Amino acid sequence: MHLKSLKGTGFRNLSDFELEFSPTKNLFHGGNGTGKTNLLEAIYYLSIGRSHREAAEDEHLIQFNKDLMRLEGAAEARGGEILVESALNKEEKRLRINGEPQQKLSELIGRMPIVSLSPEDDELCKGGPGNRRRFLDMAISQFSRTYLADLQEYRRILHQRNRLLFDIREGRADAGSLEVWNQQLVNCGAKIIRKRLEVIDDLKEMAGSRYMRISGGRERLGLRYHLSCKTEPGEGVEQAFNRALASSFEFEKRRGLTMFGPHRDDLEITIAGHRIRNFGSQGQQRTAAIALKLAEAEMLAGQLGEKPVILLDEIFAELDRDRGGFLVDQLEPDYQIFIATAKEEDVSARDGFRRFRVEAGRVAPE
Amino acid sequence: MQYGSPALSRTIDELMKLPGIGRKTAQRLAFHLLKSQPDEARALAQAIIELKDRVRFCRECFNATEQEVCGLCRDPKRDPAMICVVEEANDLLAVERTAEYRGLFHVLQGHLSPLDGIGPDDIRVRELMERLGRAPVREVIVATNPNAEGEATAVYLTKLIKPLGIRVTRIARGLPVGSDLEFSDEVTLARALEGRLEL
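Computed from a predicted structure; not experimentally measured.

1. Quick look at the overall build of chain A
- Helices and strands together make up the secondary structure of chain A, namely 12 helices and 15 strands.
- Dimensions of chain A along its principal axes, counting C-alpha atoms only, are 70 × 50 × 35 Å.
- Residues counted as buried form 56% of the 366 residues belonging to chain A.
- In chain A, the proportion of contacts linking residues at least 24 apart, taken out of those at least 6 apart, comes to 71%.
- Accessible surface for chain A amounts to roughly 16200 Å². Of this, 45% is attributable to carbon and sulfur atoms.
- Once the 56 positive and 58 negative side-chain charges of chain A are each reduced to a mean point, those two points are 3 Å apart.

Take a look at the structure:
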């Protein structure tokens, strides 16, 4: 799939823009703070309905002194042409797909698959487990609507159950009523866990070979799903989950929180058998994050039958020249890529790109 | 907000207490009433007063009725050995529209939802259990909504009723009739697969 055009108004620091993209290679260049990353963010927002920046609140996307942000993009996707219009003001978010107003923002996910690589991906290896769960959830949700629906239902059950634990602790509810929520949590949670396990099996191969190719070394990248509840040999996910909930009632009641389930699980990333979070060098961590993201792109392409759009933010600054070039070469020519970079030499070194110059929020094709 | 008339702002404030009505809609309705014929507004007011005075909940099934026991519960043609449990009276009407169901109903008047402070004692569960103890019931069909709260309520009822030796069934989650498989949305189809039946 590829994004053909993007029109925007009131988005971050960007002046109103209307851009036509190359179906293969696009490059935004300009100094720091000019708005290159904001352009990538606009593309991401159009595809997913929220920012890929962790700290970004929706209202921060609206330009200072403006009331409204609007994006409109046309893409060529597997189902034909798709037109997405996204608008956001202080009160509400609006979404139209091919002119049809959409009630649920989740309708958008997976229609325009996308994978973003940015310096913030370092958190994937260095940061807390939430980063890795988000990575898995986003990767899977883009090709499985069922998974996305299960996630939403799970969150709802979790909220209900946490509230009930709290009420039980405060003596406002009866401990007996917890059981029905346990059953809901386990049924829904087990579906999520099984899907994650299945996907990790796929990702493991792809990320492993990507890692070897990028690092040029012999170190093995490993992925393993880490359950928050301990399993006995021969025990299924449901059983282990149920047992954990049953044996930790007092603990959970004290905390007023559900301590087991897919919302507490982790994806363990290892290099040569060692956990990268504790033992990996910065270079290893970065290479592993890139390998994971590329594996995500490859997996999405396989699952959806079309290649996702790839965003590369300052990736040249993060890897040495040879590796950066290698990265782009790995993606060419099948993927539509958008690169944002501040380094002029990266730009001049590469041809075949449609270039856009970004200066103080203004974007112009060269 | 100032509307230049206390009566007008009071009407708007009262209308805004209704579900699904925000300030704008309330204003539109209030101005509509203001412009309408005097009889029309009076008829509405009268209907609301009578609604509260006359309508109550059926002693048996908690459906809305003007009698002690509702028409459905008194109908000799209905099968009293079958009870369909729904969350709200609206859901009862939906099942009735099918014209396929010949048993009785039980309206829970809610679902389990700790977030809203609603536990088993806040919905008509105790009344259902009393009913099951009074009359011989063969089957209870649980027709709560197919969402987290509805499912939890269904599981809760099953745990209570099954030990009485009464058959408990749950309505299926499935595909809309007359639709093509290829056009149905993935989530509905996945749920239908989960709930597949042996042929």
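Continuing now.
2. Description of the domain arrangement of chain B
- The domain architecture assigned to chain B consists of domain 1 (6–54) and domain 2 (58–198).
- Between domain 1 of chain B and domain 2 of chain B, the C-alpha centre-to-centre distance is 33 Å.

3. A short note on the pairing of strand E8 (residues 114–117) of chain A
Residues and elements named next belong to chain A.
- Burial of E8 is two-sided: the residues Ile 114 and Ser 116 facing one way and the residues Val 115 and Leu 117 facing the other way are all buried.
- In this structure, E8 lies alongside strand E12 (residues 309–313), joined through four bridges in parallel fashion. The residue of E12 that forms the bridge with Leu 117 is Leu 312.

4. Topic: the packing of aromatic side chains
All names here are of chain A.
- Summed over all chains, the structure comprises six aromatic pairs over all chains.
- Look at Phe 21 and Phe 356: their rings are 5.7 Å apart centre to centre, the planes differ by 75°, and that puts the pair in the edge-to-face class. Of the two residues, Phe 21 is situated in the loop between strand E2 (17–20) and strand E3 (25–29) and Phe 356 in strand E14 (residues 354–359); the sequence distance between them amounts to 335 residues. As far as burial versus exposure is concerned, Phe 21 and Phe 356 are alike and both buried.
- An aromatic cluster of at least three residues, connected via ring pairs, comprises Phe 21, Phe 28, Phe 338 and Phe 356.

About the criteria used
Residues numbered from 1 in each chain as written. Chains lettered and ligands numbered in written order. Predicted model: local features only at pLDDT ≥ 70, side-chain atom pairs only at ≥ 80, totals over all residues. Heavy atoms only, no water. Helix = DSSP H or I, 4+ residues; strand = E, 2+ residues; numbered from the N terminus. Buried < 20%, exposed > 50% of the residue type's maximum accessible area, 1.4 Å probe, protein only. Contact = heavy atoms within 4.5 Å. Areas by Shrake-Rupley, 256 points an atom, 1.4 Å probe, with all protein chains shown as cover. Lys, Arg positive; Asp, Glu negative; His and termini not counted. Charge placed at Lys NZ, Arg CZ, Asp CG, Glu CD. Domains from an automatic or database assignment. Pairing = 2+ DSSP bridges. Phe/Tyr/Trp six-rings, centres within 6.5 Å; stacked < 30°, edge-to-face > 60°.

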